[in-house]
Amino acid sequence: MNPEALIILEQSVRWALLAFLGSFLILALYSWTRLRRRRRGLADLMHEQLDAELSEALGLDEAQDTALQLTPSNRLRPFFYSFLLAGVVSVATFLLCSFAPLPFLHNFATEASWRETPLRLTAVDYERFFEGFSLEGQVWNQQDQALASITAHIEVLDAQRQVLDEVSAQVKPTPLAPAQSGKFEVRYTENSPLIYGYRIAFRDAEGNQIPHVEGFEIR
């Protein structure tokens, strides 16, 4: 399974769990409230009938001292139904978050950039040290065909965001098969006091820039 699908599924499962917990708590509270009202209503009704019968058989004074404790025969059934209904809500939420073609959702129906752009930069680990910095990255081939000889070009930026230097690294493995991940790694130890940051681009074997999008774990 590709990283894009994993992210969408993780997001959908998270919302489904939240929907399950929220709906179960609301439904359970509603069931508990109805159960208490029903028990009180039954108790009042039975007390009235019992008081009337005991008033005739035992006398008014003894009937007033008689207590009746009523317990519903099946108190767990409403909560079981609440659990099932919450499960239905969570499944519906999962399907909605995964496949509903709503513009504000990031799912299989609305996110097309990961199919149209050749590369997605899925992870970058940047470490700054006294002599310079090291950079490890991961890219994912979003196309239906393999990409050969991908080179990651890292522009080193100074405090004015101008290009100070440039280094490159080969993305491995090569060629990069469809729906597969590749990695690159660079280490830069020049002009350390002037370094502000970096900018990443990708090029093919002819030096043409390969469009890419960023996502998931970029930092």
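Preceding block: the structure.
Enquirer: Any chance you could explain a nonpolar patch on the surface here in plain terms?
Expert: Among the surface-exposed residues, F80, Y81, F83 and L84 lie close enough to one another that they form a single nonpolar patch of about 440 Å² accessible area. By the element assignment, L84 lies in helix α3 (residues 77–99).

Enquirer: Explanation requested: the sheet that holds strand β6 (residues 197–203) in the structure shown.
Expert: Pairing between sheet strands relies on hydrogen bonds along the backbone, with the strands arranged either parallel or antiparallel. The strand order across the open sheet built from three strands is β4-β3-β6, with neighbouring strands paired in antiparallel fashion. Single-partner strands in this sheet number two, and they are β4 (163–170) and β6. The average angle at which neighbouring strand axes cross in this sheet is 25°, direction not considered. In this structure, strand β3 (residues 151–157) lies alongside β4, joined through seven bridges in antiparallel fashion. Across the sheet, L157 pairs through a bridge with V163, a residue of β4.

Enquirer: Explanation requested: the packing of aromatic side chains in the structure shown.
Expert: A ring pair, where both rings are aromatic, is described by two values, the distance of the centres and the angle of the planes. Using the criterion set out here, one finds eight aromatic pairs in the structure. Considering the side-chain rings of F24 and F83, the 6.1 Å spacing of their centres and the 85° angle between planes classify their relative orientation as edge-to-face. With F24 in helix α1 (residues 3–57) and F83 in helix α3, this pair connects stretches of sequence that are 59 residues apart. With centroids separated by 5.8 Å and ring planes inclined at 75°, the aromatic side chains of F184 and F202 adopt a geometry described as edge-to-face. Pair noted here: F184 is in strand β5 (residues 181–188) and F202 is in strand β6, with a separation of 18 residues, a long-range link. Among the residues examined, F184 registers a relative accessible area of 3% and is labelled buried. Site record: aromatic cluster; members linked through ring pairs are Y126, F133, Y188 and Y198.

What counts as what
- Residues numbered from 1 in each chain as written.
- Predicted model: local features only at pLDDT ≥ 70, side-chain atom pairs only at ≥ 80, totals over all residues.
- Heavy atoms only, no water.
- Patch = residues over 30% accessible without salt bridge, like charges linked within 9 Å, V, L, I, M, F, W, Y side chains within 5 Å.
- Areas by Shrake-Rupley, 256 points an atom, 1.4 Å probe, with all protein chains shown as cover.
- Salt bridge = Lys/Arg side-chain N within 4 Å of Asp/Glu carboxyl O.
- Helix = DSSP H or I, 4+ residues; strand = E, 2+ residues; numbered from the N terminus.
- Pairing = 2+ DSSP bridges.
- Axes fitted to C-alpha atoms, helices over the stretch in contact; angles between N-to-C directions.
- Phe/Tyr/Trp six-rings, centres within 6.5 Å; stacked < 30°, edge-to-face > 60°.
- Buried < 20%, exposed > 50% of the residue type's maximum accessible area, 1.4 Å probe, protein only.

Honestly, it's all geometry; don't read function into it.
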